[in-house]
Amino acid sequence: MMKNFSVQNNLIEGDLKRKAEHNLRRMNSELYDAEHCFKDSSYLWYGDWEGRTILSLVRLWQVLKRKPRNLDAIIAALDSHLNTDGYFGAVLDEHSINEQQLAGNSWVLRGLCEYYRMTRDASIFQKIVRIVENLYLPVQKHLGTYPLTVPATVLGEKSGGIIKSYQNWQISSDIGCFFIALDGLSDAYAITQDPRLKELIEALAKINFSIDKVGNNYQTHATLTCARGILRMYRLTGKEEYLAYVIKTFALYTSCGMSFAFGNFNWFNRGEWTEPCAIVDSMMLADELYCITGNREYLSLMHKIYYNAFVFAQRDNGGFGCDSCVKSDQPYLMPDMREFYEAYWCCTMRAAEGFYTVARSQWKEQDGCIYCCFYNPSKFVADGINIALETKYPNGSEVRVVVHADRETTFKFYIPQNTSEIRCSLQGYELKEGYICCKVRGEEKFILSFVQDIRREYVTENAYRIFCGERLLGTLEFDGAEKLSDRFAAIPFEGKELYPVLDLSLLTFDELKQVKQKLLFRDGENR
């Protein structure tokens, strides 16, 4: 099984750093200050905003190697906003259990767990223990009354709300959000090793396994977040049923919940908009499944999600927003501006885990072999290995590498899908199983190169998308598109000028709101 190195080993540069710093500027705004991020009782996602904010700031601290200015103040203010039992919202009423409270406080657990790993602050450990003890453990005896089916008439909006009472449960329009708790609970278990918590997680997972996610129109973000928690439990326990469930669920998501542009449908069977929270979840799962299984299809999918869905979702202010779902009857990728320019209450915060996932996944290790799995400029240092990587990929196909290895070490560099003419300037390299393989002892400087091929990929009998390497290409179909030629290079194909999926963070608000990029084409039509 492959291991990710700690993100602390990798100093990112280039476009990934630019985008992460842009997100940090947004997270440093007053919306996420200690004076504003704590919500009153009218905000029914108790702990959700606060937990996502803490997690975001810790992740950006890890990625960019500097602590966000507002993090310490938020941590210091926690006690004055928690209830008498140590969590957000009202004290648990076991006759009326609010699943949104369980989902929201799960993000608090995630944020505190990561903060604890960075600081080893004993008071944070005690907060984690209290949340588990007082909010989650008492719920175990009520799992049997949680509804396993949801009426088809339940419809939610971009920010979900409580819409139904069922026995002693308050049910959300973010269908299945209760199972988000498996993410926070599994992270808490990794730290506390509380056997009672393990028992709760096992019971909750067993219930989740029995639910038809597609038939009940489950929210894809909740489904994938739950799957991440179960995959963490696989790593902690080695239970093969957990891995089998996650592989099956992720395959279900990619076939029934993912758009043709690698974003998500916010609910199964309801492809109205994407949600970057789920886009981040899908990247995280793809990376983890690649590490565990070694299947390069997961790594390629992670690249495609990042370049085609995640990159498009970042706004000019550094935040993240929802976009259109590219599907059979809707071929255009557009920012969804119908209600909100930015999903500032969730997706802007979750983006930090996206940057963290890419930064951490760039370098991996297995059996003494070092894998390079993502081409972003960086400096990497670990246990006698120093690597400097420079590249303009994916806007270029050349990667310059300087390696110093104290001992002979095998390096494997990922070959992206849809590439040809693969070369390495270092003598003795091999192309093997989708990697450029070479051995280094001492210092070596070399260049990797490949051509990103353009090809059609049919998604239905007569509808296709066009790839250049692992990026989608499309036509720009909005007024003023010609003014973007100084920032985005056109790629000619079959008599048309095509563009990779646009990076909206490079546009102004007025430009961004006009964007309409066609990514799905049909045989016989005039593109």
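Residues numbered from 1 in each chain as written. Predicted model: local features only at pLDDT ≥ 70, side-chain atom pairs only at ≥ 80, totals over all residues. Heavy atoms only, no water.

Enquirer: Give me the overall build of the protein: which residues, what numbers.
Expert: When helices and strands are counted, the protein shows 13 helices and 21 strands. Expected size for 527 residues packed as a compact globule is a radius of gyration near 24 Å; at 23 Å, the protein falls within 12% of this value. By principal-axis analysis of the C-alpha atoms, the protein measures approximately 65 × 60 × 45 Å. Expressed as a percentage of the 527 residues in the protein, the buried residues total 61%. Taking all contacts inside the protein whose residues are at least 6 apart in sequence as the whole, residues at least 24 apart take part in 71%. As displayed, the protein has an accessible area near 19,900 Å², and 48% of this comes from carbon and sulfur atoms. (Helix = DSSP H or I, 4+ residues; strand = E, 2+ residues; numbered from the N terminus. Rg over C-alpha atoms; globule rule 2.2 N^0.38 Å. Buried < 20%, exposed > 50% of the residue type's maximum accessible area, 1.4 Å probe, protein only. Contact = heavy atoms within 4.5 Å. Areas by Shrake-Rupley, 256 points an atom, 1.4 Å probe, with all protein chains shown as cover.)

Enquirer: Got a sec to walk through the pairing of strand β9 (residues 378–382)? Specific residues and values, please.
Expert: Judged by which residues are buried, β9 turns out to be one-sided: Ser378, Phe380 and Ala382 face inward and are buried, whereas Lys379 and Val381, on the alternate face, are not. Pairing analysis gives three bridges linking strand β2 (residues 10–12) to β9, with the strands arranged antiparallel. Bridging across to β9, leucine 11 finds its partner in lysine 379. Here β9 runs beside strand β10 (residues 385–391); their pairing, made up of five bridges, is antiparallel. The residue bridging serine 378 from the neighbouring strand is leucine 389, located in β10. Here β9 folds back onto β10, and the loop between the two strands holds two residues, one of which, aspartate 383, carries a positive phi near 50°. (Pairing = 2+ DSSP bridges.)

Enquirer: I'd love a proper account of the pattern of salt bridges, names of residues and values included.
Expert: All told, the structure shown has 44 salt bridges when counted by the stated rule. Lysine 432 is the salt-bridge partner of glutamate 430, the closest N and O atoms lying 3.6 Å from each other. On the accessibility criterion, glutamate 430 (43% relative accessible area) is partly exposed. Owing to a relative accessible area of 39%, lysine 432 belongs among the partly exposed residues under this scheme. (Salt bridge = Lys/Arg side-chain N within 4 Å of Asp/Glu carboxyl O.)

Enquirer: Quick one: what's the story with the environment of cysteine 226, residue by residue and with numbers?
Expert: The topology assignment puts cysteine 226 in helix α8 (residues 220–237). The class for cysteine 226 is buried, based on a relative accessible area of 1%. Distance in space between the C-alpha atoms of cysteine 226 and leucine 182 is 5.4 Å, their sequence separation being 44 residues. Ignoring anything within four residues of it in the chain, the contact list for cysteine 226 reads Phe179, Leu182 and Asn208.

Enquirer: Run through helix α5 (residues 122–136), naming residues and quoting values.
Expert: Spanning 15 residues, α5 covers 21 Å between terminal C-alpha atoms, matching the ideal 21 Å at 1.5 Å per step. Three or more residues of α5 are buried, namely Ile124, Lys127, Ile128, Ile131, Val132, Leu135 and Tyr136. Buried residues of α5 fall within an arc of 130° about the axis and therefore sit on the same side. Its buried side turned inward, α5 meets α3 (71–77), α4 (99–119), α6 (181–192) and α7 (195–209). (Expected span 1.5 Å × (residues − 1). Arc of directions from axis to C-beta.)

Enquirer: Residues and numbers for unusual backbone geometry, please.
Expert: For the bond from tyrosine 393 to proline 394, the omega torsion is 5°, close enough to zero to count as cis. Relative to the helices and strands, proline 394 resides in the loop between β10 and β11 (398–414). Even without being glycine, arginine 120 reaches a positive phi, approximately 55°. The exposure class assigned to arginine 120 is exposed, which follows from its relative accessible area of 56%. The residue asparagine 418 is not glycine, and still its phi comes out positive at about 60°. Note on placement: asparagine 418 falls in the loop between β11 and β12 (419–424).

Read these as geometric descriptors, not functional statements.
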